[in-house]
Amino acid sequence: MQHKFFVNPRPRASGQSRSVESFKEFDAVELYCPKCGQAVPVRKRLLLVLPEGDKYEYLCAVCATSVGTKVVRGSDEMRVII
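Thresholds, definitions, all that
- Residue numbers run consecutively from 1 along every chain, following the written order of its sequence.
- At least 70 in pLDDT is required for a residue's local features to be given in this predicted model, at least 80 for side-chain atom pairs to be given and counted, and no such filter applies to totals for whole chains, interfaces and linings, which use all residues.
- For the side-chain quantities, the full set of heavy atoms in the structure was used; hydrogens and water were omitted.
- Pairing of aromatic rings covers Phe, Tyr and Trp, the last through its six-membered ring, and needs centres within 6.5 Å; plane angles under 30 degrees mean stacked, over 60 mean edge-to-face, and all others mean tilted.
- Geometrically, a lysine NZ or arginine CZ counts as sitting over a ring once it is within 6 Å of the ring centre and also within 35 degrees of the ring normal.
- Numbering of helices and strands starts at the N terminus; helices are DSSP runs of H or I of at least 4 residues and strands are runs of E of at least 2.
- Only protein chains enter the calculation, and the probe is 1.4 Å; a residue is then buried if its accessible area is under 20% of its type maximum, exposed if over 50%, and partly exposed in between.
- Between two residues, a contact is recorded if the distance between any of their heavy atoms is within 4.5 Å.
- Contacts described as polar in this section are N or O atom pairs within 3.5 Å, which, within protein, must combine one atom able to donate a hydrogen with one able to accept it, while residues neighboring in sequence count only if both atoms come from side chains.
- Should a side-chain nitrogen of Lys or Arg be within 4 Å of a carboxyl oxygen of Asp or Glu, the pair is scored as a salt bridge.
- Each pair of strands is called paired provided DSSP finds at least two bridges between the two strands.
- In this description, a line fitted to the C-alpha atoms serves as the axis of each element, helices being fitted only across the stretch in contact, and the angle between N-to-C directions of two axes falls anywhere from 0 to 180 degrees.

Tallied over the full model, the rule gives zero aromatic pairs. Directly above the ring of Tyr56 sits Lys44, whose terminal nitrogen or CZ lies 4.4 Å from the centroid.

Moving on: unusual backbone geometry. Within the chain, Ala64 stands out as a residue other than glycine whose phi angle is a positive 65 degrees. Along the polypeptide, Ala64 turns up in the loop between strand 3 (53–60) and strand 4 (66–72). Judged by relative accessible area, Ala64 falls into the partly exposed class, the value being 44%.

Here Asp27 is to be found in the segment before strand 1 (30–33). Classification of Asp27 as partly exposed rests on a relative accessible area of 44%. In contact with Asp27, not counting residues within four places along its chain, are Lys44, Tyr58 and Lys70. Within the structure, the side chain of Asp27 is placed 3.0 Å from the side chain of Lys44, a separation counted as a polar contact. One polar contact links Asp27 to Lys70, side chain to side chain, over a distance of 2.9 Å.

Glancing now at the pattern of salt bridges. Tallying each qualifying case throughout the model produces three salt bridges. With its nearest N and O atoms 3.0 Å apart, the salt bridge here joins Asp27 to Lys44. In this pair, Asp27 is assigned in the segment before strand 1 and Lys44 in strand 2 (residues 38–50), connecting sequence segments 17 residues apart. A residue is classified by how much of its surface remains accessible, and Lys44, at 36% relative accessible area, is partly exposed. We note a salt bridge from Lys70 to Asp27, for which the minimum N-O separation is 2.9 Å. Of this pair, Lys70 sits in strand 4 while Asp27 sits in the segment before strand 1, and the two are 43 residues apart along the sequence. Among the ionic contacts, a cluster of salt bridges with common partners joins Asp27, Lys44 and Lys70.

Once that is clear, we can look at the sheet that holds strand 4. Read across the open sheet, the four strands follow the order 1-2-3-4; overall the sheet is antiparallel. At either end of the open sheet lies a strand with only one pairing partner, and these are strand 1 and strand 4. With strand direction ignored, the average angle separating the axes of adjacent strands in the sheet is 40 degrees. Where strand 1 meets strand 2, four bridges bridge the pair, whose relative direction is antiparallel. When the sheet's bridge partners are listed, Tyr32 is paired in strand 2 with Ala39.

Rendered as structure tokens:
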């Protein structure tokens, strides 16, 4: 038996490549809380503003336990406002 492989015949839009990411960033909606013992909704709050990006903390919406952090990288250009 011979296998046939199909190729998408539609041409790609100009400037579009296979390595294009299909997302920019994720935000957590639910994470596991060790205190509650289950996956719970989370709230994201700004914890620190760092030179390499903003650091956010994820808090359990039920008991306010910290369940994770995330650093959102900004642009490569650092601006100082005086």
